[in-house]
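This is what each chain is made of:
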Amino acid sequence: MSGALLLLADGRFPAGGHAHSGGVEVAVRAGLVKDADSLAAFLTGRLHTTGLTAAGLAAAAADGFDPTGLDEAADARTPSPALRATSRRLGRQLLRAARACWPDPVLDGLAAAHPGGAHQSVVLGLAARAAGLAPAEAALAAAHESVNGPATACTRLLGLDPYQVVAVLARLAPELDTVADAATRAAAEAVRRQDAWPLPAASAPLLDLFAERHSAWKVRLFAS
Amino acid sequence: MHRDHPTDEFGAPRATAPTELSGGRRRALRIGLGGPVGSGKTATVAALCRALRAELSLAVVTNDIYTTEDAEFLLRHAVLPPERITAVETGCCPHTAIRDDISANLEAVEELEASVGPLDLVLLESGGDNLTATFSRGLVDAQIFVIDVAGGDKIPRKGGPGVSGSDLLVVNKTDLAPLVGADLAVMARDAKAQRGELPTLFCSLAEPDGVAPIAGWVREQLARWRAH
Amino acid sequence: MARALTAAAAPVRGELPVSVARIVAVPDTREDHAGTLLPVLSGAGPLALRRLRAGRGPAPAEVALVGAMAAPLGGDRIAVTARVEAGARLRVTSVAATVSLPGPQPGPAWYDVELTVAAGATLEWLPEPVVAAAGSHLQLTTLITLEAGARLRYREEQILGRQHDWTVHGRPGRLTSRLTVRQAGRLILDQQSDLGPGAPGWDGPAVLAGHRATGQLLTVGLPFTEPVPAALPVLAALPGERESPGEGQGAVALTLPGADARLLLAVAPDGLVLRRLLTQPADPS
């Protein structure tokens, strides 16, 4: 059953992620991310904030929590309008790929209910469910996605040694497990209580700031 | 134009994108334009828009390396109203966006169809890239590869997926051939060797109506698309 | 899933907070007494409440939070609730920053704020910053419930350590917070932050990038400042910033889901700059 997880979490899964930097393009231009160490610090912060939040939403969706409620919870957890738009756009792109891979009436229903796109984390959870994956696997895929995209973007933006970058990701792997565990437990509690409150809502002020700045740039390499 | 065949030259199935919109109307024909930096892709798109906009409902999607540069060129030259031009960011990697992960481009095309449609033709321009960049058959119905004589007359001989497999090869800037010492006859012979029966057009967009042969080819594709 | 999300869940607590200070503001309906009355104004434990100004006419009633003793200390559980009823106007400030200090026992202090604003009522909640001293851990939970048509201006400033904490200890305390806002039953903002030693990545380039102050001004149905700035820049850069406008700090105005709700979010090197970013968003120079 992990075969589907590898497919879903693969950076080459055609869901649009390759064109997004997760804020790292701004951090690079601001001089805040400039080498493997500062990239590691960036990714650690991202993983434990928006990564954790996305993992919780994905796990809850995979655990059968009502997607409409999760979409509202995701909106409230995303104060930046630029990030809300990005998340919905990526959600729509992911849904396109997921429906091709794992045809499922639930995915069709989600597409119909959110023509402008549902939040990426919610789609990820439902795609995982359609693929027969467990909530913990959905959480892990979301946590992975939260750091893998920015790391790849950073390789392109800074021309970092790809072996250094992949080593940064390898050192983060145990923390991915920790975050996915916490997210999965929170999701189970949310499902048990039928309430999104237990889901993580972790945020990072600079990621919100970066996203708004990025959307105002005239010239940029990444879509976000 | 490969719509006539269920498989490509490698025996793989053709485009998976549905060819009909909801409501049963046939969607717009999608033509991709790729080629090296500076060969004249954006100029070709601009010239095609001018040549065809009176007779067709058109839209353009650009895949720039720097987001909006090509889109802004098109806007500045007012070849189409701004709402008919969309720029897709490619994260430093235009060929990923047109070949490996086409989702953002599909979104852009569908959004154009929804906002300014019905459309007859959508032109998708790749950011200038190397000779290996080609469009996915899931994204476009036909693709034009644009090279120029100033890039050297050996490009057709070198081949590559764009040169050998595109539905139309355009060799632009023929007016410069004497200046750069390029031999058009050699280029034509090499192109023929690489492409077999696939067409190659030599043109100079700098000349009045230089785009006419390409526009004619596009009209043929559209006629076949509609008849199919 | 309306059922799950409108069932205004309270934070899970092992036990109830020990000390709950309460404010209730109601419109003064007596003839010739248009204004706001405060029928409930009760301090508790380390939190005293002082009436600064009666609410006459359109002016709000004003109350100050006063720290009656050193608090919160580790292990403390304090809470304040304010309810503003339809037609009433209340402004709450504090006389000094709230400094979170390590207590006699390890473990965090808990500070819960619960604000409820009725339709047609106005609450301005503008306390001084919360400062996390070295060795302390404060868990701050704020739950805001707005009826449709309620107006709010809510400021929250978090300072990681006093100068003393950095020079002597080389580190601040930890601040863990959650801010949840519902408007007409709909969740419009829910965010947690975890800053200071022990919080992964908190001083890295995704979270604070070495800055020591962050804060936000949330407004619903009101402008960020009065008078209304002529043109609020989407992105306020700081003065003296080199090169392309200091992407790593500044303020940004975010439009929230929900009706007429905006969040001004700021990251700054210190509390002074932070306050300026939150009070003069129209004047970045």
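What counts, and where the lines are drawn
Residues numbered from 1 in each chain as written. Chains lettered and ligands numbered in written order. Predicted model: local features only at pLDDT ≥ 70, side-chain atom pairs only at ≥ 80, totals over all residues. Heavy atoms only, no water. Helix = DSSP H or I, 4+ residues; strand = E, 2+ residues; numbered from the N terminus. Buried < 20%, exposed > 50% of the residue type's maximum accessible area, 1.4 Å probe, protein only. Contact = heavy atoms within 4.5 Å. Buried area = accessible area lost by both parts, 1.4 Å probe. Salt bridge = Lys/Arg side-chain N within 4 Å of Asp/Glu carboxyl O. Polar contact = N/O pair within 3.5 Å; in protein donor to acceptor, adjacent residues only side chain to side chain. Nonpolar A, V, L, I, M, F, W, Y, C, P; charged D, E, K, R; others polar. Axes fitted to C-alpha atoms, helices over the stretch in contact; angles between N-to-C directions. Parallel < 35°, antiparallel > 145°, perpendicular 65-115°, else oblique. Left-handed = near helix turned anticlockwise from the far one by under 90°. Pairing = 2+ DSSP bridges. Phe/Tyr/Trp six-rings, centres within 6.5 Å; stacked < 30°, edge-to-face > 60°. Lys NZ or Arg CZ within 6 Å of the ring centre and 35° of its normal. Expected span 1.5 Å × (residues − 1). Arc of directions from axis to C-beta.

A few words now on the overall build of chain A. A tally of helices and strands in chain A yields 10 helices and 0 strands. For chain A, the succession of helices and strands along the chain, N to C, is α-α-α-α-α-α-α-α-α-α. Sorting the 224 residues of chain A into buried and exposed places 60% on the buried side. Nonlocal contacts in chain A, meaning residues at least 24 apart in sequence, comprise 81% of its contacts between residues at least 6 apart.

Across the boundary between the two partners, chain A contributes 18 residues, which contact 20 residues of chain B. Across the chain A to chain B interface the summed buried area is about 1700 Å²; carbon plus sulfur atoms make up 46%. On the chain A side of the contact with chain B, H18(A), R96(A) and L221(A) bury the most area, a combined 38% of that side's loss. Linking chain A with chain B are 6 salt bridges. Its salt-bridge partner being R96(A), residue E110(B) comes within 2.7 Å of it at the nearest N-O pair. Taken together, chain A and chain B are joined by 12 residue pairs in polar contact (both at pLDDT 80 or more). Tallying contributions element by element places helix α5 (residues 81–101) of chain A first for the side of chain A that touches chain B, with 4 residues. Here the residues of the side of chain A that touches chain B sort into 8 nonpolar, 4 polar and 6 charged.

Now for the packing of helix α3 (residues 36–62) of chain A against helix α9 (residues 162–193) of chain A. Residue and element names in this part refer to chain A. The contact between α3 and α9 brings their axes to 8 Å, and the two run at 25 degrees. With respect to their mutual orientation, α3 and α9 come out roughly parallel. Note on packing geometry: the crossing formed by α3 with α9 is right-handed. Residues that form the contact of α3 with α9 fall into these classes: 19 nonpolar, 6 polar and 1 charged.

Here the focus is the pairing of strand β4 (residues 121–125) of chain B. Residues and elements named next belong to chain B. In terms of residue burial, β4 counts as a mostly covered element, since 5 of its 5 residues are buried. Burial of the side chains of β4 extends over both faces: L121, L123 and E125 are buried on one face and V122 and L124 on the other. Here strand β1 (residues 29–34) runs beside β4; their pairing, made up of 5 bridges, is parallel. Within β4, the residue paired with R30 across the bridge is V122.

Turning to the interface of chain A and chain C, a few remarks are in order. Taken together, the contact between chain A and chain C spans 47 residues of the former and 47 residues of the latter. Between chain A and chain C, the buried area comes to about 3800 Å², and carbon and sulfur atoms account for 63% of it. Between chain A and chain C we count 2 salt bridges in total. At the boundary of chain A and chain C, one finds 9 residue pairs in polar contact (both at pLDDT 80 or more). Listing elements by their share of the side of chain A that touches chain C, those giving two or more residues are α2 (24–29), α3, α4 (67–76), α5 and α10 (205–216) of chain A. Sort the elements by how many residues they give to the side of chain A that touches chain C and α10(A) lands first, with 9 residues. Classifying every residue of the side of chain A that touches chain C gives 25 nonpolar, 10 polar and 12 charged.

Residue and element names in this part refer to chain C. The final tally for this structure, using the stated rule, is 1 aromatic pair over all chains. The ring of W166 is capped by R212, whose NZ or CZ atom sits 3.9 Å from the centre of that ring. When the ring centre of F224 is taken as origin, the NZ or CZ atom of R262, which lies over that ring, is 4.2 Å away.

The residue after G117(B), namely P118(B), is reached through a cis peptide bond having omega 0 degrees. The topology assignment puts P118(B) in the loop between α4 (103–116) and β4. The phi dihedral of Q194(A) is positive, around 50 degrees, even though this residue is not glycine. The class for Q194(A) is partly exposed, based on a relative accessible area of 26%. For A78(B), which is not glycine, the phi dihedral falls at a positive 50 degrees. Here A78(B) shows up in the loop between α2 (69–76) and β3 (85–89).

This next bit is on the sheet that holds strand β12 (residues 137–146) of chain C. Residues and elements named next belong to chain C. In space, the 8 strands of this open sheet follow the order β4-β2-β1-β6-β9-β12-β14-β15, with mixed pairing throughout. Whereas interior strands pair on both sides, the edge strands pair on one side only; in this sheet they are β4 (55–56) and β15 (186–195). Note that strand β14 (residues 174–183) and β15 share 9 bridges and pair antiparallel. Looking at the pairing, R182 lines up with L187 of β15.

With that out of the way, let us pick up the sheet that holds strand β5 (residues 142–148) of chain B. Sheets are built from strands that pair by backbone hydrogen bonding, the pairs being arranged parallel or antiparallel. All names here are of chain B. Pairing in this open sheet of 7 strands is parallel, and the strands run β3-β2-β4-β1-β5-β6-β7 from one edge to the other. If you trace the sheet from one side to the other, it starts and ends with β3 and β7 (200–202), each paired once. Averaged over all pairs of adjacent strands, the angle between their axes in this sheet comes to 20 degrees, without regard to strand direction. Two elements, strand β2 (residues 58–64) and β4, share 5 bridges in a ladder whose sense is parallel. Within β4, the residue paired with A59 across the bridge is V122. Strands β1, β2, β4 and β5 of the sheet are contacted by helix α1 (residues 41–52), whose axis makes an angle of about 165 degrees with β4. Those strands touched by α2 are β2, β3 and β4, and its axis lies near 145 degrees from that of β2.

Now for helix α8 (residues 184–195) of chain B. Because each turn of an α-helix spans 3.6 residues, side chains separated by three or four positions in sequence point in the same direction. All names here are of chain B. Here α8 is 12 residues long and its end C-alpha atoms lie 16 Å apart, about the 16 Å a rise of 1.5 Å per residue gives. All of the buried residues in α8 are V186, M187, D190, A191 and R195. Relative to the axis of α8, the buried residues are bounded by an arc of 145 degrees and lie together on one face. What points out from α8, more than 90 degrees from its buried face, is the exposed set A185, R189 and A193. Looking at the buried positions of α8, the neighbouring elements they touch are β5, α5 (155–158), α6 (161–165), β6 (168–172) and β7. In this structure D183 caps α8, since a side-chain oxygen of it lies 2.9 Å from the backbone nitrogen of A185. Trailing α8 by a residue or two, G196 shows a phi angle of about 60 degrees, which is positive.

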